[in-house]
Amino acid sequence: MTDHPAHQGSPDADPADPAHHSDDADADAGTDTDAQAFRELLRGLRVWDVAALPSFDPATAPAEPLPLFRQWLREAAEAGVPEPHTMTLATADAAGNPSLRPLMLHDADERGWHFASHRGSRKGRELAVRPRAALGFYWPAVGRQVRVHGPVTVAGPEESAADLHRRSTGALAAALVGRQSEVLGSVGELARASDAAWERARREPEAPVPSWTLYVLHPEEVEFFQGDAQRRHVRLNYRYEGGRWAQELLWP
């Protein structure tokens, strides 16, 4: 006979016992206190807590987004933003379920925005069935964001290998470990695989990793967001249409 859900895990508990209800009340009170403390924490956090944010006049923006993106990333680095080349990549599976993760930008040129991963990773599998993605950059020290989205293509094996071998020994070691996004049995298993990969990466700096793949996002839209302390944010959006870039301002 199955216990009633109210008694599961505590078959001897008497619902009429005041002590039983007191425990529940204490737990509820603790949960409410934690929730209130969390809300107060969120309300107390400050955005763009800097002396002054840079200004941005969209009338001075270049005709294409790439020069402005390069300028903004350089200025974010000069302002002390840690890892300004870190971005958020959003993809979706065959059913349209989205997923996202932070990763590093490898390049941005006339072809598009470059990033890389294993073909068998979650992002690689999703891009194989839905070859479109979005990128998001956020540089709080200057109150700036950049959003990029469009179709994604796969670079060839030679270019993918060259991308990997331009990176650090640690990046090669991580790539040699492989199995990204697969279920891991234990941290010990990872440690053993990582030690072996580091040893090989040092011994063979050109070691091949066939699953390593360079992806290029070809932008169809690029939005530049400059924050303003008075909430008069400037949003400049570039749209590629008819073989050329068009610009438009967006309400914040």
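Residues numbered from 1 in each chain as written. Predicted model: local features only at pLDDT ≥ 70, side-chain atom pairs only at ≥ 80, totals over all residues. Heavy atoms only, no water.

A word on the overall build of the protein chain
A tally of helices and strands in the protein chain yields six helices and ten strands. Counting every position in the protein chain, which comprises 252 residues, the buried fraction comes to 32%. When the accessible surface of the protein chain is summed, it comes to about 15,500 Å², and 54% of that surface belongs to carbon and sulfur atoms. (Helix = DSSP H or I, 4+ residues; strand = E, 2+ residues; numbered from the N terminus. Buried < 20%, exposed > 50% of the residue type's maximum accessible area, 1.4 Å probe, protein only. Areas by Shrake-Rupley, 256 points an atom, 1.4 Å probe, with all protein chains shown as cover.)

A short note on the pattern of salt bridges
Tallied over the full model, the rule gives 14 salt bridges. With a closest N to O distance of 2.6 Å, arginine 144 and glutamate 75 form a salt bridge. Placement of the pair is arginine 144 in strand β6 (residues 144-154) and glutamate 75 in helix α2 (residues 65-78), with a sequence separation of 69 residues. When the shortest N-O distance is used, the salt bridge between glutamate 204 and arginine 203 registers 3.6 Å. For glutamate 204, a relative accessible area of 29% corresponds to the partly exposed category. Here arginine 203 falls in the exposed class, since its relative accessible area comes to 52%. A single network of salt bridges, built from pairs that share partners, joins Glu199, Arg200, Arg203 and Glu204. (Salt bridge = Lys/Arg side-chain N within 4 Å of Asp/Glu carboxyl O.)

Brief notes about the packing of helix α5 (residues 169-177) against helix α6 (residues 187-203)
At a minimum axis distance of 8 Å, the contact between α5 and α6 shows a crossing angle of 125°. What the angle tells us is that α5 and α6 run oblique. Along this stretch, α5 crosses α6, giving a crossing that reads as right-handed. Every residue of α6 that contacts α5 at Thr169, Gly170, Leu172, Ala173, Leu176 and Val177 is listed here: Leu190, Ala193, Ser194, Ala197, Trp198, Arg200, Ala201 and Arg202. For the contact of α5 with α6, the per-class residue count stands at nine nonpolar, three polar and two charged. (Axes fitted to C-alpha atoms, helices over the stretch in contact; angles between N-to-C directions. Parallel < 35°, antiparallel > 145°, perpendicular 65-115°, else oblique. Left-handed = near helix turned anticlockwise from the far one by under 90°. Contact = heavy atoms within 4.5 Å. Nonpolar A, V, L, I, M, F, W, Y, C, P; charged D, E, K, R; others polar.)

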